[in-house]
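What follows is the residue order along each chain.
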Amino acid sequence: MNKTEFITAAGFAVSLLFHMTQAEACPASCDCKSLGDTKGVQVDCSSRELTAVPALPGDTKRLYLQNNSLTSVPPGALDSLHSLEELKTWDNPWNCDCHILYLRLWLEDVSAPSLAKAICATPAPVRMKPLRQLTGNELGSCKRLLPIKCLEFFWRDLVLIAGAIITLILVAWALKFSKKLVCQLNLCQPAPRAACCR
């Protein structure tokens, strides 16, 4: 085996290994297609009646999840898709309660076109409303989804703000009282006393 044949065989082996790795990383319920050696992977999970987002390859560039039975996406499920360029999520029966917040915020950052096409299926008050148009009131009480540390920071900040307001009120009162006290101690000159003690 000469040097050229060895390089060709090694290149073929690396290419085969790359495609095998991609095939292993591809969810069983989806079709994956390599977009070239450096371009990443297209993952087509459309029209598969999926009820959950499968584990996805980290180098996914195009992800097609449209026309499934997805109602929500668990927090963090899409965070590893750093090279994602195209996403399709429409025609899913999205349940637009507190659990949809992760998907909404993620789509705002990554794929505004997909956010524009995501339509709520439930609950009834928001049925057929675009996900991007939901307000906090429509999502209901999401307090239970906030991390405990966020609530602790909220209460700490609230106490600090209240303390600052009380301090300002006390300083204003002290300044007013000190002005009257100075006038009462006759520290002002006799002529401007009337102006000083007003």
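Residues numbered from 1 in each chain as written. Predicted model: local features only at pLDDT ≥ 70, side-chain atom pairs only at ≥ 80, totals over all residues. Heavy atoms only, no water.

Caption draft 1: Structural detail: the overall build of the chain. Looking only at helices and strands, one finds five helices and six strands in the chain. Sequence-ordered secondary structure for the chain, helices as α and strands as β, is α-β-β-β-β-β-α-α-β-α-α. Residues classed as buried in the chain amount to 27% of the 198 residues present. Nonlocal contacts in the chain, meaning residues at least 24 apart in sequence, comprise 41% of its contacts between residues at least 6 apart. (Helix = DSSP H or I, 4+ residues; strand = E, 2+ residues; numbered from the N terminus. Buried < 20%, exposed > 50% of the residue type's maximum accessible area, 1.4 Å probe, protein only. Contact = heavy atoms within 4.5 Å.)

Caption draft 2: Quick look at the side chain of Gln 66. Relative to the elements of secondary structure, Gln 66 occurs in the loop between strand S3 (60-64) and strand S4 (86-88). Gln 66 sits in the buried class, given a relative accessible area of 15%.

Caption draft 3: Just the state of the cysteines, in detail. Applying the stated rule across the entire model yields three disulfides. Here Cys 30 connects covalently by a disulfide to Cys 45, the sulfurs 1.9 Å from one another. Looking down the S-S bond of the Cys 30 and Cys 45 bridge, the torsion is 105°, so its handedness is right-handed. Here Cys 45 lies in the loop between strand S2 (41-44) and S3 and Cys 30 lies in the loop between helix H1 (3-25) and strand S1 (31-34), a separation of 15 residues in the sequence. Both residues of the pair, Cys 30 and Cys 45, belong to the buried class. Shown here is the disulfide that connects Cys 96 with Cys 120, its sulfur atoms set 2.0 Å apart. Where Cys 96 bonds to Cys 120 through sulfur, the torsion about that S-S bond is close to -95°, and the disulfide is left-handed. With a gap of 24 residues between them, Cys 96 in the loop between strand S5 (94-95) and helix H2 (101-110) and Cys 120 in strand S6 (residues 120-122) connect regions that are remote in the sequence. (Disulfide = S-S within 2.5 Å.)

Caption draft 4: Quick look at the packing of aromatic side chains. Taken as a whole and assessed by the stated rule, the structure comprises one aromatic pair. Between Trp 173 and Phe 177, the ring centres sit 5.6 Å apart and the planes meet at 10°, which makes this aromatic pair stacked. Of this pair, Trp 173 and Phe 177 both sit in helix H4 (residues 148-184), four residues apart, which is roughly one turn of that helix. Judged by its relative accessible area of 55%, Trp 173 falls in the exposed class. A cation over an aromatic ring shows up here: Lys 117 above the ring of Trp 90, its NZ or CZ 4.3 Å from the ring centre. (Phe/Tyr/Trp six-rings, centres within 6.5 Å; stacked < 30°, edge-to-face > 60°. Lys NZ or Arg CZ within 6 Å of the ring centre and 35° of its normal.)

Caption draft 5: Main features of the pattern of salt bridges. Inspection of every chain in the model, using the stated rule, returns five salt bridges. Glu 85 is the partner of Lys 61 in a salt bridge, and the nearest nitrogen-oxygen pair spans 3.3 Å. Here the residue Lys 61 occupies a position in strand S3, and Glu 85 occupies one in the loop between S3 and S4, the gap between them amounting to 24 residues. In this structure, the salt-bridge partner of Arg 62 is Glu 86, at a minimum N-O distance of 3.8 Å. (Salt bridge = Lys/Arg side-chain N within 4 Å of Asp/Glu carboxyl O.)

Caption draft 6: Looking closely at the nonpolar core. Counting residues in hydrophobic clusters, the biggest one holds 29 residues, and the most contacted among them are Leu 63, Leu 78, Trp 94, Cys 96, Leu 103 and Leu 131. Counting only elements with at least two residues in this core, the list comes to S2 and H2. The element that contributes the greatest number of residues to this core is H2, accounting for four residues. (Core = buried A, V, L, I, M, F, W, Y, C linked by side-chain atoms within 4.5 Å.)

Caption draft 7: Structural view of the sheet that holds S4. The sheet built from four strands is open, its strands ordered S1-S2-S3-S4 with mixed pairing. Each of the sheet's edge strands pairs with one partner strand only, and the pair in question is S1 and S4. Each neighbouring strand pair of the sheet contributes to a mean axis angle of 15°, computed without reference to strand direction. Where S3 and S4 come together, three bridges link them in parallel fashion. Along S4, the bridge assignment pairs Arg 62 with Glu 86. (Pairing = 2+ DSSP bridges. Axes fitted to C-alpha atoms, helices over the stretch in contact; angles between N-to-C directions.)

Caption draft 8: Looking closely at H2. Listed as buried for H2 are Tyr 102, Leu 103, Arg 104, Trp 106 and Leu 107. Buried residues in H2 make contact with S4, S5 and helix H3 (112-117).

The quantities given are spatial measurements derived from coordinates; they are silent on function.
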